[in-house]
Amino acid sequence: MISISRINSNRPLVIAIFAALVVFYLVYLTVSQSVTFSALQSSLNAKIAALRNTETTTSEPEKVVDRDIVHLPNVQNDELEFRSGKNIFFIVSTLSPEGVIKLTARQACAIESAARSNADWKVFPLFVATTWFNSSNNEFISPLLRYCNIHMRYIDLETFAFGTPLESLFAKHALQNSSYIVEHTADVLRLLVLYKYGGTYLDTDVIVRRSFDLLLPNYLGSEGSGYVANGVINLEATGYGHRFAESCLNDLAEHFDGQVWAANGPFMVTRNLQKFCNVSEVANMTRARCGGQLSVHPPDVFYRIRYPRHDWFFYPERTEAVMTSIQDDILVHMWNKATSGIQLKVNSTAAYVKLAHEYCPNVIKTCNEFF
């Protein structure tokens, strides 16, 4: 039996050993926890980094930019660009459910010829219900992009008539409900564009051969059938031209007819000229009779080759007679409604093709077999 006195004598040693064991154990725990925490923290940081990379990849995918897609500016974005008055407008109202712009070779030819023959004028093809095109596969738009005076724009029908006499007509969607939506949209917009900006409106079935600077401002042309045509119109944005445009818009606001093809075009224009010039016969609508500030040119100025000879531009045997008759004309009109179905090869000797090679060379070079 160990005596109490022996234990008491060894007590300082036992306490020292016990204390050393406690210190060692505490150091072990501290180091172990530090290593474990460090490893845990490293693992957690790695997972956070991986998660962030995953979120960046999934929530913000890399955007693919197609540089061939061209979106057109709204014509209302910068209305100061029209202030010179030397503006040539085309209205392209053919509808496209995808909103993609398409032009035929003949439409593009009209635009190129206008830009080529009027280099100091701005040419604005205005597209309705279409806002973009692919420059890599639209063969008849690409040739037009070579001209610095061609500026393509689109018209927003929801806002374009704000503040004009046609605001209510547009709000009622009268154009969209028309039986001739393409034609009537173009009929109305040409007068609205000239009312707002001033300049020259042209149909897309013309070839422009000379500068419009040769003509006094404010004019239309008779087509020889008892009516004044609306395929070529020049009206200034102020003064007499603006007043005539406003008269036409007021007439459209009150009498727009969506059931008759020519009601909002030649019929309406002729009716307002009869009032402005105070004459009933188109032949008497001279500049002198129309306030000395507006001309109704006779048919030979813009519509020299007319019905029933409207197809002479398409037959080689008529070429010599056609080219001789139009040699001094500023432009020629091709009567697309009656002639669009006539095919022409690019190597034809018909007058239309000969004119195209001279006045819209970039477009016709792009055609494969037919123009």
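Before any of the text, the structure's been laid out above.
Values in this document were obtained by computation on a predicted structure and should not be read as measured data. (Residues numbered from 1 in each chain as written. Predicted model: local features only at pLDDT ≥ 70, side-chain atom pairs only at ≥ 80, totals over all residues. Heavy atoms only, no water.)

A.B. asks: Let's hear about the packing of helix α2 (residues 105-117) against helix α10 (residues 351-359): which residues, and what values?
C.D. replies: Where α2 meets α10, the closest approach of the two axes is 9 Å, and the angle between their N-to-C directions is 45 degrees. Taken together, the axes of α2 and α10 are oblique relative to one another. α10 is crossed by α2, and the crossing has left-handed handedness. Contact residues: α2 offers Arg106, Cys109, Glu112, Ser113, Arg116 and Ser117, while α10 offers Tyr352, Ala356, Glu358 and Tyr359. Taken together, the residues of the contact of α2 with α10 break down into four nonpolar, two polar and four charged. (Axes fitted to C-alpha atoms, helices over the stretch in contact; angles between N-to-C directions. Helix = DSSP H or I, 4+ residues; strand = E, 2+ residues; numbered from the N terminus. Parallel < 35°, antiparallel > 145°, perpendicular 65-115°, else oblique. Left-handed = near helix turned anticlockwise from the far one by under 90°. Contact = heavy atoms within 4.5 Å. Nonpolar A, V, L, I, M, F, W, Y, C, P; charged D, E, K, R; others polar.)

A.B. asks: Talk me through the sheet that holds strand β8 (residues 219-222); I want residue IDs and the actual numbers.
C.D. replies: Pairing within the open sheet is mixed, and its seven strands lie in the order β5-β3-β2-β6-β9-β8-β10. In the strand order of this sheet, the two ends are held by β5 (153-155) and β10 (295-297), each with one partner. Within the sheet, the average angular offset between the axes of one strand and its neighbour, ignoring direction, is 30 degrees. Sheet topology places strand β3 (residues 122-128) next to β5; three bridges connect them, and they run parallel. Residue Leu126 lies in a different strand from β5, and its bridge partner there is Arg153. Relative to the sheet, α2 contacts β2 (87-92), β3 and β6 (199-202), its axis offset from that of β2 by approximately 175 degrees. (Pairing = 2+ DSSP bridges.)

A.B. asks: Give me the pairing of β3: which residues, what numbers.
C.D. replies: Across the seven residues of β3, six count as buried, placing the element largely inside the fold. As judged from the six bridges shared by β2 and β3, these two strands associate in the parallel manner. Note on β3: the bridge partner recorded for Phe90 is Pro125. (Buried < 20%, exposed > 50% of the residue type's maximum accessible area, 1.4 Å probe, protein only.)

A.B. asks: Explain the packing of aromatic side chains residue by residue, including any values.
C.D. replies: How two aromatic rings sit relative to each other is set out by the distance from centre to centre and by the angle between their planes. For the structure on display, the rule yields 15 aromatic pairs. Consider the rings of Phe89 and Phe124, whose centres lie 5.6 Å apart with planes at 25 degrees: the pair is stacked. Taken together, the positions of Phe89 in strand β2 and Phe124 in strand β3 put the pair 35 residues apart, joining distant regions of the chain. For the pair shown, Phe89 and Phe124 are each scored as buried. For the pair Phe314 and Tyr352, a centre-to-centre distance of 5.4 Å together with 85 degrees between the ring planes defines the contact as edge-to-face. With Phe314 in the loop between α7 (299-302) and α8 (319-325) and Tyr352 in helix α10, the pair connects residues that are 38 residues apart, well separated along the chain. Residue Phe314 is classed as buried on the basis of its relative accessible area of 3%. Of the residues examined, Tyr352 reaches a relative accessible area of 1% and is grouped as buried. Feature note: the residues Phe82, Phe89, Phe124, Phe160 and Tyr197 constitute an aromatic cluster, connected by ring pairs. We note Arg106 situated over the ring of Phe371; from NZ or CZ to the ring centre the distance is 5.9 Å. When the ring centre of Phe160 is taken as reference, the NZ or CZ atom of Lys196 above it lies at 3.9 Å. (Phe/Tyr/Trp six-rings, centres within 6.5 Å; stacked < 30°, edge-to-face > 60°. Lys NZ or Arg CZ within 6 Å of the ring centre and 35° of its normal.)

A.B. asks: Could you give an account of the nonpolar core, naming the residues involved and the relevant values?
C.D. replies: General note: in soluble globular proteins, nonpolar side chains tend to be found buried as a group. One finds Leu202, Phe212, Phe313 and Phe371 to be the most contacted residues of the largest nonpolar core, which totals 59 residues. When contributions to this core are tallied by element, the ones reaching two or more residues are β2, α2, β3, β7 (206-208), β9 (228-235), β11 (331-333), α10 and α11 (361-366). Ranked by residues supplied to this core, first place goes to α2 with seven residues. Excluding anything up to four places from it in sequence, Phe313 contacts Ile305, Val322, Ile326, Val332, His333, Met334, Ala350, Ala351, Tyr352 and Leu355. (Core = buried A, V, L, I, M, F, W, Y, C linked by side-chain atoms within 4.5 Å.)

A.B. asks: Account for the pattern of salt bridges, with residues named and values stated.
C.D. replies: Enumeration over the complete set of coordinates arrives at eleven salt bridges. For Arg153, the salt bridge goes to Glu81, with nearest N and O atoms at 3.1 Å. A residue pair is termed long-range when its members are at least 10 positions apart, and Arg153 in strand β5 and Glu81 in the loop between β1 (69-71) and β2 qualify at 72 residues. In this structure, Arg304 engages Asp300 in a salt bridge whose closest nitrogen and oxygen atoms are separated by 3.7 Å. If you follow the salt bridges from partner to partner, you end up with Asp300, Arg304, Arg306 and Asp329 in one network. (Salt bridge = Lys/Arg side-chain N within 4 Å of Asp/Glu carboxyl O.)

A.B. asks: Give a description of the state of the cysteines that names residues and reports values.
C.D. replies: The tally for this structure, following the rule as stated, stands at two disulfides. Across the disulfide from Cys277 sits Cys290; the S-S distance is 1.9 Å. Taking the sign of the S-S torsion, 105 degrees for the link of Cys277 and Cys290, the bridge is right-handed. Separated by 13 residues along the polypeptide, Cys277 in helix α6 (residues 266-277) and Cys290 in the loop between α6 and β10 bring together distant segments of the chain. For the pair formed by Cys277 and Cys290, the shared burial category is buried. Along the protein chain, the cysteines engaged in disulfide bonds are linked according to the scheme 1-4, 2-3 when indexed in sequence order. In this structure Cys367 is a free cysteine whose sulfur lies 8.0 Å from that of Cys360, the closest cysteine sulfur available. (Disulfide = S-S within 2.5 Å.)

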